[in-house]
Amino acid sequence: MIVIMHPEATLFEIDNVIAEVEGKGWQTHLSQGSGETIIGLQGNGQQIDPFQLGQLPGVRDTMAITQKFKLTSRAFRPEDTSFKIGDVTVGGNQLAVIAGPCSVESREQLLETAHAVKEAGATMLRGGAFKPRTSPYSFQGLGEEGLKLLAEAREATGLPVVTEVMSPTKVALVSVYADVLQIGARNMQNYDLLNAVGQAQRPVLLKRGMSATIEDLLMAAEYILRYGNNQVMLCERGIRTFDTKYTRNTFDVNAIPTLKELTHLPVIADPSHAIGVRRYVNQVTLAGVAAGADGLIIEVHPDPDQAASDGAQSLTPSQFFELMSQVKTMARAVDRVV
Ligand code: PEP
Ligand code: MN
C-alpha cells in the first residue's frame, strides 16, 4: 500500500503517518518528488484499514499497489528518477552516453579509447576489469589493475567510470575505483550481489538477464531500492531468442517504452550486446533512442579485431564518432539532447 500526502502536508503530519504504520509493524519508504510525498508500506505488518489511514491529517489518498514491484513502480514515484554521476545527470532530458571497451586490456588501449569517446561526445566511460566469460579459458579481465587504469582514465578525461562487479565480496573493492557498479546480465538474479550493491549506496547499472522477463528485471531492481538506493539504471541488452546464427541476441525494443511506463527508473539501451554485430550497431542504437531510452552503452575499441572480448560488436573510434552524429539527429527528433 502507498499513502499519498497532500502537497501542503507538514513534516509533522508525515512523521505522524510513519509512526502510525511503523507502530503496526510495517517498514516505510519515502518518495519525495517536486509535488506530494508518497509513503510506501513494506513488509508484513498488522492489517491496516485504508479508510482510517485516509482520515489522518495531511493524507490525500491511499492506494494498494497490485504489481509485485513496489518501490520501482510509477505508482510509488510518478515522476522520472534522475540522479547525478559526477557532472552527468541520468534520467533527465539529456541522453547519457556510456562508451568504451568491453574489457580493459592495457593502459594504452584504455586511454586511447577514453579520449576518443570523450571527443565524440560520450558522457561516461565503460570498461570491464572483472569479466563474466562463458569459457573459463577466455580472458577474465585485469582485475584490480584494470580498476586502477579506469581511475586513471577518469582523471585524464573527467568521464565517470562504469564497471562490472561480479561478486558480493568485491563490491567494496570495485567501489573504491568505480562511479557506477554494473551488474551483468548473468548476475541479474544473484540476490546476494543485489543486496550488496543496494547496501553500497552507489549508482548501479542493472543489466537485464538474457532470459529475464520485464517483471524479473523490475523485481531485481526492487532488491536494490529496498536499501534506499534508488540510483539504478535498467539496461536492455538483448534477450535470447531462437535465432543465434546471424545476430548474438535480440534487442527487445519493446522493453523500453514498457519499462518507461512501469517504472520511474532511467532505461539504458545496449545495442552492442543486443545485436552483437558491429555493422548493425548503428541501426539498433537509433531504434533505442527513438523508443525513448534515457541513455546508451556502446562498446568501442581502437582495434576491434584484436580485442580480448567482444571485438565482433565493438566499433572503432571513427565509427563511434560517426554514430554520435546520427544519435544527435535522432535525439532531436524525440526532444532529447546529447
Ligand atoms: C559487458 O557489458 O561487457 C557484459 C558482459 O554485458 P552483459 O552482462 O550484458 O553480457
Ligand atoms: Mn562486452
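Everything in this summary refers to the structure shown in the same document. (Residues numbered from 1 in each chain as written. Chains lettered and ligands numbered in written order. Predicted model: local features only at pLDDT ≥ 70, side-chain atom pairs only at ≥ 80, totals over all residues. Heavy atoms only, no water.)

## Notes on the site of ligand 1
We apply this condition: Proximity is defined per residue: any heavy atom of the residue falling within 4 Å of a molecule or strand makes that residue near it. In protein, a polar contact means a hydrogen-donor-capable atom and an acceptor-capable atom, both N or O and within 3.5 Å, with residues adjacent in sequence counting only if both atoms are side-chain atoms; elsewhere, any N or O pair within 3.5 Å suffices. Per-residue accessibility takes into account occlusion by the displayed protein chains alone, with areas from the Shrake-Rupley method and a 1.4 Å probe. Residues are grouped as follows: Ala, Val, Leu, Ile, Met, Phe, Trp, Tyr, Cys and Pro are nonpolar; Asp, Glu, Lys and Arg are charged; all remaining types, including Gly, are polar.
In the vicinity of ligand 1 lie 13 residues, with R126, A185, R186, K207 and R237 positioned nearest. At a separation of 2.6 Å, an oxygen atom of ligand 1 approaches a polar side-chain atom of R237. E299 places a side-chain nitrogen or oxygen 3.3 Å from an oxygen atom of ligand 1. When ligand 1 is considered free in solution it has 300 Å² of accessible area, and contact with the protein chains removes 97% of it. Considered class by class, the residues forming the shell around ligand 1 number 3 nonpolar, 3 polar and 7 charged.

## A closer look at the side chain of T263
As a reminder, the rule being used: In this text, helices come from DSSP runs of H or I with a minimum length of four residues, and strands from runs of E with a minimum of two, each type numbered from the N-terminal end. We call two residues contacting when some pair of their heavy atoms lies within 4.5 Å.
Inspection of the secondary structure assignment puts T263 in the loop between α8 (255–262) and β13 (267–269). There is a polar contact of 2.6 Å between the side chain of T263 and the backbone oxygen of T72. Apart from the residues within four sequence positions on either side, T263 is in contact with T72, S73, R74, L218 and L234.

## Quick word on helix α11 (residues 317–333)
Keep this limit in mind: The span one expects for a helix is its residue count, reduced by one, times 1.5 Å.
With 17 residues, α11 should cover 24 Å at 1.5 Å per step; its first-to-last C-alpha distance of 25 Å lies within 8% of that length. Of the surrounding elements, those touching the buried residues of α11 are β7 (96–100), α3 (107–120), α10 (281–291) and β14 (295–299). Positive phi appears at D335, one or two residues downstream of α11, with a value of about 60 degrees.

## Examining the sheet that holds strand β2 (residues 27–32)
Cut-off, in case you're wondering: Each pair of strands is called paired provided DSSP finds at least two bridges between the two strands. Fitting a line to C-alpha atoms yields each axis, with helices limited to the stretch in contact; the angle taken between N-to-C directions then spans 0 to 180 degrees.
Spatially, the 4 strands line up as an open sheet ordered β2-β3-β1-β4, and their pairing is antiparallel. Both edges of this open sheet fall to β2 and β4 (59–63), since each of them pairs with a single strand only. With direction set aside, neighbouring strand axes in the sheet form an average angle of 20 degrees.

## Here we look at the coordination of the manganese ion (ligand 2)
The condition is simple: Only N, O and S atoms count as donors, using a 2.8 Å limit from the metal and a wider 3.2 Å limit for Na, K and Ca, and since water is excluded some coordination spheres may look unfilled. Each residue is placed in one exposure class: buried if its accessible area under a 1.4 Å probe, protein chains only, is under 20% of its type's maximum, exposed if it is over 50%, and partly exposed if it falls in between.
Protein ligation of the manganese ion (ligand 2) involves C102 (SG), H273 (NE2), E299 (OE) and D310 (OD), the donor distances falling in the range 2.0 to 2.4 Å. Sequence spacing of the donors to the manganese ion (ligand 2): C-x170-H-x25-E-x10-D. Of the two residues, C102 is situated in the loop between β7 and α3 and E299 in strand β14; the sequence distance between them amounts to 197 residues. An identical accessibility class is assigned to C102 and E299; each is buried.

## A few points about α8
Formally: This arc corresponds to the set of directions leading from the helix axis out to the C-beta atoms.
Among the residues of α8, A255, I256, L259 and K260 are the ones counted as buried. Down the axis, α8 shows its buried residues gathered within 125 degrees of arc, on one side only. Tucked inside the fold, the buried residues of α8 contact α7 (214–225), β12 (232–236), β13 and α10.

## Structural notes on the nonpolar core
Quick reminder of the rule: Nonpolar cores were defined as sets of buried Ala, Val, Leu, Ile, Met, Phe, Trp, Tyr and Cys residues, with membership established by side-chain atoms within 4.5 Å. In this document the domain limits rely on a domain assignment from an automatic tool or a database.
Among the nonpolar cores identified, the biggest contains 74 residues, and L125, V197, L206, V232, L234 and F320 are the most heavily contacted of them. Per-element accounting of this core gives the leading share, 7 residues, to α7. When residues of this core are assigned to domains, at least three fall in each of domain 1 (2–63) and domain 2 (83–333). In this structure V197 touches V165, V171, L181, I183, R202, V204, I224 and N229, once residues within four positions along its chain are discounted. In terms of nonpolar packing, the next biggest core, distinct from the first, is built from 14 residues, F83, I85, I98 and M124 among them.

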